[in-house]
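One-letter residues, chain by chain:
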Amino acid sequence: MIIKTFDFIVIGGGSAGYAAARTFCEDGGKVAVVDGGDELSGLCILRGCMPSKTLIYSAEVLHLAKQGQVFGFEKRSLQAEMAVMQKRKRNIISEFADYRTGQLQDGRFSLFRAKAKFTGENSVELEDGTILRANKFLISTGSKISMPPVPGLDRVLFKTSDDVLDLSEVPEEVIVLGGGIVACELAQFLSRVGARVTILQRSNHILKEFPQAASTCIHEKFTEEGITVKTGVSIENLDQVDEQTIRVNYLHDGEKNSLETKFLFHALGRSPAVDNLNLEGIGVDLAESGHIETNPFQQTSVSHIYAAGDCAGPHEIVHVAIRQGETAAMHALGQKPEPLCYDHLLGVVFTDPQVASIGLLPEELDKRGIEYLSADYPFDDHGKSILMEAKHGYVAVHADKTTGVVLGAECVGKDAGELIHTLSIAVSLKATVHQLAKADWYHPTLSEIWTYPIEDLAELISSSA
Ligand SMILES: Cc1cc2nc3c(=O)[nH]c(=O)nc-3n(C[C@H](O)[C@H](O)[C@H](O)COP(=O)(O)OP(=O)(O)OC[C@H]3O[C@@H](n4cnc5c(N)ncnc54)[C@H](O)[C@@H]3O)c2cc1C
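Everything numeric in this text was worked out from a predicted model, so none of it was measured. (Residues numbered from 1 in each chain as written. Predicted model: local features only at pLDDT ≥ 70, side-chain atom pairs only at ≥ 80, totals over all residues. Heavy atoms only, no water.)

Section: the site of the ligand
Next up, step 1: Taken together, 34 residues surround the ligand, and among them D35, L43, K53, D310 and V318 come closest.
Next up, step 2: Between S15 and the ligand, the recorded distance is 3.1 Å, taken from a backbone N or O atom to an oxygen atom.
Next up, step 3: At 2.9 Å, a backbone N or O of A16 approaches an oxygen atom of the ligand.
Next up, step 4: Alone, the ligand offers 1000 Å² of accessible surface; in the complex the protein occludes 88% of this.
Next up, step 5: Those elements that provide at least two residues to the shell around the ligand are α1 (15-26), α2 (43-46) and α3 (49-66).
Next up, step 6: When residues in the shell around the ligand are grouped by element, the largest group, 3 residues, is from α3.
Next up, step 7: Class assignment for the residues of the shell around the ligand results in 13 nonpolar, 14 polar and 7 charged. (Near = heavy atom within 4 Å. Polar contact = N/O pair within 3.5 Å; in protein donor to acceptor, adjacent residues only side chain to side chain. Areas by Shrake-Rupley, 256 points an atom, 1.4 Å probe, with all protein chains shown as cover. Helix = DSSP H or I, 4+ residues; strand = E, 2+ residues; numbered from the N terminus. Nonpolar A, V, L, I, M, F, W, Y, C, P; charged D, E, K, R; others polar.)

Put into structure tokens, the structure is as follows:
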């Protein structure tokens, strides 16, 4: 039996795992990364952020080109060529993946290409029987498609985001189960490349984690683009009618309905990939959500075993996974990292218009009893967005009622994912609306729209202070 010993073993070499390994070895520690995936690089690069945003951007360009007459071009019939879009995506993704794989193999760590499971609090076993031992561990095994208790889901041939991102041709019609971030982003992509799309969502609004106003904007834009959005839907059951066809029986507005589709896109979310690690055997606790329970330094219930990224939650996004991985490694090194805190949480949805938020929004501020004032401004009354024909959406700023410190902000609009960063810096630096009002804002830009709510709040707060 081969036994190897390290200071720090990272199980899973995606965004969280790579960040942790890099951080730990910068201090001279002996690190092993174990990854059992068919390909190296993690979800973000292979089947998440990067391929989805590459294709979504292609679809946005196509959508804009189809609006040619509005901007003064001749009318041409344009359509998506999936083979070309996919080739572009593959080229881009393979470069990112080669780069990350190179980083994992450049000799800073020992890399093992195998699945690992714990055999004790200080040892893991690889598939070939090799035993790796260490004083400290990080679990960063990511997530997998969830299987919520929708009757019949386990008996039908559904598609996932992996299938949507690898489409070789455009399906005629698609039913999307779910109205979360991935569901909305890819539903609009599918519609813009030519599919007839119906979203079936259980809650009363899509993007339910975002403010109602944001959800309403996206719902309206989707409807305008020809996407059917049904909310408040209860799926009764799913049936595989024949090799290709799935019937969806559901209740909507108290009525029984049924739809048939050859492309059922299961976008009901992902769950932590923690099976087969023997976590129970070594006493690592899971939360009710199935995530590995951690403290703000990412320590699990077994204090020398850390967890980071999608398997730990609570927010399955890349910059959080990286921050958690770095924090875990610094803490394992005996340094004193800042504890994780999600009061500055940044969120972006890559629909068009995009949805973005930073910090604490009214629902949370009310829950915490924080006194605040809000101001907003619509894009349909803003110079740059009007000349860009990008009139959907709004910006809103929430500031402490007495001090004017910016606590949170929302943006729904063209490039909201870029625009929100100005306010993200303000929230992180605890800047006040008065300080932001003194900054230079170039005209005419989309960013300049922030000056309206900022100046309104600066006036209100100085006069009420
Ligand atoms: C379609 C889609 C779009 C997305 N878009 C965005 C976006 O725009 N922005 C954003 O911030 N986030 C986005 N996300 C989420 C983001 O991709 C994830 O939050 C992030 O990649 C998680 O990183 P991770 O390190 O936790 O896990 P992963 O990157 O999944 O890494 C886990 C690694 O662990 C390995 N592994 C698993 N089990 C074992 C085992 N037992 N032994 C050894 N190795 C193991 C796997 O092979 C894998 O390489 C998107 C996700 C999806 C699905």
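The structure having been displayed, the exposition proceeds.
Observations concerning α1
Next up, step 1: When the terminal C-alpha atoms of α1 are compared, their 17 Å separation across 12 residues agrees well with the 16 Å that a helix rising 1.5 Å per residue should span.
Next up, step 2: Burial runs high along α1: 10 of the 12 residues are buried.
Next up, step 3: Turning to α1, the residues buried within the fold contact β1 (3-11), β2 (31-34), α2, α5 (82-104), β6 (131-139) and α10 (318-332).
Next up, step 4: Backbone geometry just downstream of α1 places G28 in the positive-phi region, at approximately 90°. (Expected span 1.5 Å × (residues − 1). Buried < 20%, exposed > 50% of the residue type's maximum accessible area, 1.4 Å probe, protein only. Contact = heavy atoms within 4.5 Å.)

Some thoughts on the packing of aromatic side chains
Next up, step 1: Enumeration over the complete set of coordinates arrives at 5 aromatic pairs.
Next up, step 2: With a centroid separation of 4.4 Å and 20° between ring planes, the pair formed by F8 and F24 is classed as stacked. One end of the pair, F8, is in strand β1; the other, F24, is in helix α1, with 16 residues separating them in the sequence.
Next up, step 3: The exposure class of F24 is buried, given its relative accessible area of 5%.
Next up, step 4: Sitting over the ring of F6, K30 keeps its end group 5.1 Å from the ring centre.
Next up, step 5: Its end group placed over the ring of F263, K159 keeps NZ or CZ at 5.7 Å from the ring centre. (Phe/Tyr/Trp six-rings, centres within 6.5 Å; stacked < 30°, edge-to-face > 60°. Lys NZ or Arg CZ within 6 Å of the ring centre and 35° of its normal.)

Details of the sheet that holds strand β11 (residues 234-240)
Next up, step 1: The 3 strands lie next to each other as β11-β12-β13, forming an open sheet whose pairing is antiparallel. Both outer strands of the open sheet, β11 and β13 (255-261), are each paired with one neighbouring strand and no more. Strand-to-strand twist across the sheet, computed as the mean angle between neighbouring axes with direction ignored, equals 20°.
Next up, step 2: Judged from the 7 bridges that link them, strand β12 (residues 246-252) and β13 form a sheet pairing that is antiparallel. The residue bridging N249 from the neighbouring strand is S258, located in β13. (Pairing = 2+ DSSP bridges. Axes fitted to C-alpha atoms, helices over the stretch in contact; angles between N-to-C directions.)

Thoughts on the sheet that holds strand β9 (residues 196-200)
Next up, step 1: Strand order in the open sheet formed by 4 strands is β10-β9-β8-β14, with parallel pairing between adjacent strands. Sheet topology places β10 (228-230) and β14 (264-266) at the edges, where each strand pairs with a single neighbour. Sheet twist, expressed as the mean angle between neighbouring strand axes with direction ignored, is 20°.
Next up, step 2: As paired strands, strand β8 (residues 173-177) and β14 are joined by 3 bridges and run parallel to one another. Paired with L177 across the two strands is H266, which belongs to β14.
Next up, step 3: Against the sheet, helix α7 (residues 181-192) touches β8, β9 and β14, its axis set at about 160° to β9.

Describing empty space enclosed by the protein
Next up, step 1: The tally for this structure, following the rule as stated, stands at 2 cavities of 30 Å³ or more.
Next up, step 2: Approximately 50 Å³ is the volume attributed to the largest cavity.
Next up, step 3: Within the residue set of the lining of the largest cavity, elements represented by two or more residues are α3 and α7.
Next up, step 4: One number sums up the size of the second largest cavity: a volume of about 40 Å³.
Next up, step 5: If you trace the second largest cavity, you find it lined by E60, T351, D352, Q354, G413, K414 and D415.
Next up, step 6: Looking at the lining of the second largest cavity residue by residue, the class counts come to no nonpolar, 3 polar and 4 charged. (1 Å grid on protein atoms, 1.4 Å probe; cavity = no way out; pocket = protein on both sides within 12 Å on 5 of 7 lines; lining within 4 Å. Points joined across faces, edges and corners; volume = space filled by probe spheres on them.)

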